[in-house]
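Topology and contacts: notes
Listed below, chain by chain, are the residues.
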Amino acid sequence: MLIVVVGPCGSGKSTLVARLQAAGYDARAVAQEHSVIPDLWRHGGEPDALIYLDASPAVIAHRRRNDFPVWLYAQQVGRLRLARAHATLYLQTDRLDPAAVAAHALEHIRGLQRRKSEAA
């Protein structure tokens, strides 16, 4: 099962991918916010799960321990619009710690796996 995680800088992509990989999943973060290719999240094929993590500019600035301009956040979110539209899970991470983000993602992934096995 291929899991792709997208979102603006500082939303928790790398942390979630590390936790998913530790749980045995084929997961990767796609830094689409740095790309002009609107469907880069499809690189390597259509993922089984596309998880979109989001965070407010203020929370991102706090996590990165520096200023994070709102214009940059808006630009990244704009570039991610197609990925968000195709996301199988959207998580706003402002009030979630990494363990809670991983728990939500794992619950979602396991649900997708159940549905896939029931359909087979």
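Residues numbered from 1 in each chain as written. Predicted model: local features only at pLDDT ≥ 70, side-chain atom pairs only at ≥ 80, totals over all residues. Heavy atoms only, no water.

Attention now moves to the pattern of salt bridges. Under the defined criterion, the tally for this structure stands at 1 salt bridge. Across the pair Asp48 and Lys116 runs a salt bridge, and its minimum N-O distance is 3.8 Å. Taken as a pair, Asp48 in the loop between β2 (26-29) and β3 (49-54) and Lys116 in helix α5 (residues 98-119) lie far apart in primary sequence, 68 residues in all. Classification of Asp48 as partly exposed rests on a relative accessible area of 33%. (Salt bridge = Lys/Arg side-chain N within 4 Å of Asp/Glu carboxyl O. Helix = DSSP H or I, 4+ residues; strand = E, 2+ residues; numbered from the N terminus. Buried < 20%, exposed > 50% of the residue type's maximum accessible area, 1.4 Å probe, protein only.)

Neighbouring strands of a sheet are bound in pairs by backbone hydrogen bonds; such pairs are parallel or else antiparallel. Overall, parallel pairing links the 4 strands, which are arranged β2-β1-β3-β4 in an open sheet. Both outer strands of the open sheet, β2 and β4 (89-92), are each paired with one neighbouring strand and no more. This sheet shows a mean twist of 20 degrees between the axes of neighbouring strands, independent of strand direction. Strand direction decides the pairing type here: strand β1 (residues 2-6) and β3, joined by 4 bridges, are parallel. (Pairing = 2+ DSSP bridges. Axes fitted to C-alpha atoms, helices over the stretch in contact; angles between N-to-C directions.)

None of the figures reported here should be taken as evidence of function without further support.
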